[in-house]
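Take a look at the letters that make up each chain.
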Amino acid sequence: MLREAGWDLITLAEHYGVHQDETIEDTRWIEDSAKLGWAVLMKDKRIRYRQAEIDAVVEHHARCFVSTRGDLTSAAYAARFITNQQTIFAAADDPGPFIRAVHTTVWSGCIPHTLTANERSE
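Summarised in this report is the structure supplied together with it.

1. Focus on the overall build of the chain
Across its full length, the chain holds six helices and four strands. Ordered by position in the sequence, the α and β elements of the chain form the string α-α-β-α-β-α-α-β-β-α. Within the chain, buried positions represent 38% of all 122 residues. By sequence separation, contacts in the chain at least 24 residues apart represent 55% of the contacts at least 6 residues apart. Summed over all atoms, the accessible surface of the chain reaches about 7300 Å², with 50% contributed by carbon and sulfur.

2. A word on the packing of helix α2 (residues 26-35) against helix α3 (residues 51-60)
At a minimum axis separation of 9 Å, α2 and α3 run at an interaxial angle of 15°. Between α2 and α3, the angle falls in the class roughly parallel. Crossing angle aside, the handedness with which α2 passes α3 is right-handed. When α2 is examined against α3, the residues Asp26, Thr27, Ile30, Glu31, Ala34 and Lys35 are found in contact with a partner set consisting of Ala52, Glu53, Ala56, Val57 and His60. Its residues assigned to classes, the contact of α2 with α3 shows five nonpolar, two polar and four charged.

3. What about unusual backbone geometry?
Of the consecutive residues glycine 96 and proline 97, the connecting peptide bond is found in the cis state with omega at 10°. Topologically, proline 97 is positioned in the loop between α5 (85-91) and β3 (98-102). Positive phi outside glycine occurs at histidine 61, with the angle close to 55°.

4. Considering the environment of arginine 100
Within the secondary structure, arginine 100 sits in strand β3. Taking C-alpha positions, arginine 100 is 9.0 Å from isoleucine 88, a pair spaced 12 residues apart along the chain. Engagement of the side chain of arginine 100 in a polar contact is seen with the side chain of aspartate 94, the distance being 3.0 Å.

5. Quick look at the packing of aromatic side chains
One pass over the full model with this rule turns up two aromatic pairs. Summarising the aromatic geometry, the rings of tryptophan 7 and phenylalanine 89 are spaced 4.8 Å apart at their centres and angled 65° between planes, so their arrangement reads as edge-to-face. Taken together, the positions of tryptophan 7 in the segment before α1 (12-16) and phenylalanine 89 in helix α5 put the pair 82 residues apart, joining distant regions of the chain. A relative accessible area of 37% means that phenylalanine 89 is categorised as partly exposed. Here phenylalanine 65 and phenylalanine 98 contribute two aromatic rings whose centre-to-centre distance is 5.5 Å and whose plane-to-plane angle is 75°, an arrangement assigned as edge-to-face. Of this pair, phenylalanine 65 sits in strand β2 (residues 63-67) while phenylalanine 98 is found in strand β3, placing the two residues 33 residues apart along the sequence. Across this residue pair, the class does not change: phenylalanine 65 and phenylalanine 98 are buried. The ring of phenylalanine 98 carries arginine 100 above its face, with NZ or CZ at 4.0 Å from the centroid.

Parameters at a glance
- Residues numbered from 1 in each chain as written.
- Predicted model: local features only at pLDDT ≥ 70, side-chain atom pairs only at ≥ 80, totals over all residues.
- Heavy atoms only, no water.
- Helix = DSSP H or I, 4+ residues; strand = E, 2+ residues; numbered from the N terminus.
- Buried < 20%, exposed > 50% of the residue type's maximum accessible area, 1.4 Å probe, protein only.
- Contact = heavy atoms within 4.5 Å.
- Areas by Shrake-Rupley, 256 points an atom, 1.4 Å probe, with all protein chains shown as cover.
- Axes fitted to C-alpha atoms, helices over the stretch in contact; angles between N-to-C directions.
- Parallel < 35°, antiparallel > 145°, perpendicular 65-115°, else oblique.
- Left-handed = near helix turned anticlockwise from the far one by under 90°.
- Nonpolar A, V, L, I, M, F, W, Y, C, P; charged D, E, K, R; others polar.
- Polar contact = N/O pair within 3.5 Å; in protein donor to acceptor, adjacent residues only side chain to side chain.
- Phe/Tyr/Trp six-rings, centres within 6.5 Å; stacked < 30°, edge-to-face > 60°.
- Lys NZ or Arg CZ within 6 Å of the ring centre and 35° of its normal.

In structure tokens:
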């Protein structure tokens, strides 16, 4: 759906191979993506609690867009990103590090190393 909507993207399976994509550590692909200059799309409702991944985002200046819902279908995830396409494309050129939550709109207040306790509990 994303490619049909004009997105230029590479999946983990395409980049690392079909079998290796299941075993690659999140910190590794976040680092690799950032070094290649790629913005990241992810779904991880618990990302704000995963310190190793947050540290990788900060250290490598990754630019991440995350759907924090764990109960959506693949089509619903894609639709959510497509609905926010204009905002995501514009923000993808912003310097990292950042993690921006994609709900029905993009919430841009989530910067990993400055999350407050209240933001972590939302």
